[in-house]
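Fold and geometry: a report
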Amino acid sequence: MITGVNSQRLYTYSISIGREGIFLYKIQYVIIINHNMIDLHTHSKASDGSLSPAQLVEKAVQTGIRVLALTDHDTLAGLEEGKKAAETLKIRFISGIELEIQPEKPGQGLPAGTDSETAGAFSGIPPITGEFHLLGLGISRITADFRSTLDWLREARERRNLSMIEKMKNVGIEVDYESVKAFAGGAVVARPHFGLFLVSKKVVKNQEQAFSRWLGKGRPFYTPREGLAFADALRLIHQAGGAAILAHPLSLYVSWGRLPDLFARLKDQGLDGIEAWHPNAGVGACKRLEELGRRLGLCITAGSDFHGSSRPDRKLGHTAGGHRIDDRFLEALEGIL
Ligand SMILES: [Zn+2]
Ligand SMILES: [Zn+2]
């Protein structure tokens, strides 16, 4: 019997000794093999998580995790600290990143002046209305190109934050950038910090309300983030020696009917795998994604998308349905790392 994505597998064996009718010993025993717990999608303070990379590694060790990937949003800033802590505490560390993709954006090398309408034809990606996040796992060489792209993304994020501040001012909220920054404690300022600010000003009761009423996509303070073209993100991840994995595919808001074609197109362009298991999806949907990904020859991964206290619903080392993440998700990934 194999227990889903749990880290324990039970095997039952029985042995018979002697001939029936004369004497018979039947020995039955159960072997429990403990598979290592892993996590391939986590965030630290270097982006919008609440723990420092070293604290995250420490928590991973306490949780029983043997392999941990740190995948902060658009930054590699936490990797060195995380790697050092993992070496000291003797667990395996996978250097990673999570990049925001703008699906309609043409990649570099496309004809100058390509607009977002014709870009679709070049990228071959059908319209995507949801969030498109790409994980880069196993980043081992950081190119100058990668660094300057991340600098550009950081500047774009600043522009976005300032735009959200303006929108808050426009509805009469007394706010300046410094008071929102205070909630980030030196980390990259992101929407959760705007949420904490709104809670402190009693504009909303809690973080959930901050997102559902004001900060979530389509809400009054929301400003879209500038991201990378899929082709550019792929190139950066591959040049850095990493594997490109589509994070939480259901956040793309693409129907089940269109997903197989989309995955096939993304794979043709160089996508290595999909994160079939993510806590935002139901177990049934994760199984369906895993089956679809395997059928298309994509590598399958699982993650918790842990953020610490800024997302208390996420549990390190656990994914959809509260399942512990099994090291079977490493097998296929090893081949491309
Ligand atoms: Zn994401
Ligand atoms: Zn994430």
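Residues numbered from 1 in each chain as written. Chains lettered and ligands numbered in written order. Predicted model: local features only at pLDDT ≥ 70, side-chain atom pairs only at ≥ 80, totals over all residues.

1. A look at the overall build of the protein chain
- Helices and strands together make up the secondary structure of the protein chain, namely 11 helices and nine strands.
- Looking at the protein chain as a whole, 41% of its 337 residues qualify as buried.
- Within the protein chain, contacts between residues at least 6 apart in sequence are counted, and of these 72% link residues at least 24 apart. (Helix = DSSP H or I, 4+ residues; strand = E, 2+ residues; numbered from the N terminus. Buried ≥ 20, exposed ≤ 12 C-beta atoms within 10 Å, placed from the backbone. Contact = placed C-beta atoms within 7 Å.)

2. Observations concerning the nonpolar core
- Ranked by size, the top nonpolar core spans 62 residues in total, and within it L68 and A233 carry the most contacts.
- It is helix 8 (residues 230-239) that contributes the most residues to this core, six residues altogether.
- Excluding its chain neighbours within four sequence positions, the residues that come into contact with A233 are L99, I101, L134 and L228.
- Counting 14 residues, the second largest nonpolar core, distinct from the first, contains M164, W214, L215 and F221. (Core = buried A, V, L, I, M, F, W, Y, C linked by C-beta atoms within 7 Å.)

3. Quick notes on the environment of A229
- On the secondary structure map, A229 appears in the loop between helix 7 (207-215) and helix 8.
- Expressed as a C-alpha distance, the spacing of A229 and Q102, which sit 127 residues apart in the sequence, is 5.5 Å.

4. A short note on helix 4 (residues 144-170)
- With 27 residues, helix 4 extends 39 Å between its outermost C-alpha atoms, agreeing within 8% with the 39 Å of an ideal straight helix rising 1.5 Å per residue.
- Three or more residues of helix 4 are buried, namely F146, R157, N161, M164, I165 and M168.
- Check the buried side of helix 4 and you find it contacts helix 5 (177-181), helix 6 (191-200) and helix 8.
- Positive phi appears at G172, one or two residues downstream of helix 4, with a value of about 95°. (Expected span 1.5 Å × (residues − 1).)

5. Comments concerning the confidence of the model for the protein chain
- Per-residue confidence for the protein chain gives a mean pLDDT of 87, with 83% of residues at or over 70.
- Taken together, the stretch residues 1-10 has pLDDT below 50 and engages in 28 contacts with residues farther than four places along the chain or on a different chain.
- Contacts for the low-pLDDT stretch residues 109-122, under 50 throughout, to residues beyond four places or in other chains number 13 contacts. (pLDDT = per-residue confidence, 0-100.)

6. A few points about unusual backbone geometry
- Look at Y253: it is not a glycine, yet its phi comes out positive at around 55°.
- Position of Y253 among the secondary structure elements: in the loop between strand 7 (243-246) and helix 9 (259-269).
- At D305, a position not held by glycine, the phi torsion is positive, near 55°.
- The topology assignment puts D305 in the loop between strand 9 (299-302) and helix 11 (328-334).

7. Section: the sheet that holds strand 6 (residues 132-137)
- Overall, mixed pairing links the seven strands, which are arranged 3-4-5-6-7-8-9 in an open sheet. On the outer flanks of this sheet lie strand 3 (37-39) and strand 9, each paired with one strand and no other. Adjacent strand axes in the sheet meet at a mean angle of 30° when their direction is disregarded.
- Inspection of the sheet shows strand 4 (residues 65-70) paired to strand 5 (residues 92-101) by four bridges, in the parallel sense. Each residue of the ladder has a partner; that of L70, found in strand 5, is S95. (Pairing = 2+ DSSP bridges. Axes fitted to C-alpha atoms, helices over the stretch in contact; angles between N-to-C directions.)

8. A word on helix 10 (residues 283-295)
- Along its 13 residues, helix 10 runs 18 Å from first to last C-alpha, staying within 8% of the 18 Å computed at 1.5 Å per residue.
- When we look at burial in helix 10, the residues that qualify are C286, L289 and G293. All buried residues of helix 10 project into a common sector of 60° when viewed along the axis, lining one side. Away from its buried face by more than 90 degrees, helix 10 exposes G284, E291 and R295.
- Once helix 10 ends, the next one or two residues include G297, with phi positive near 80°. (Arc of directions from axis to C-beta.)

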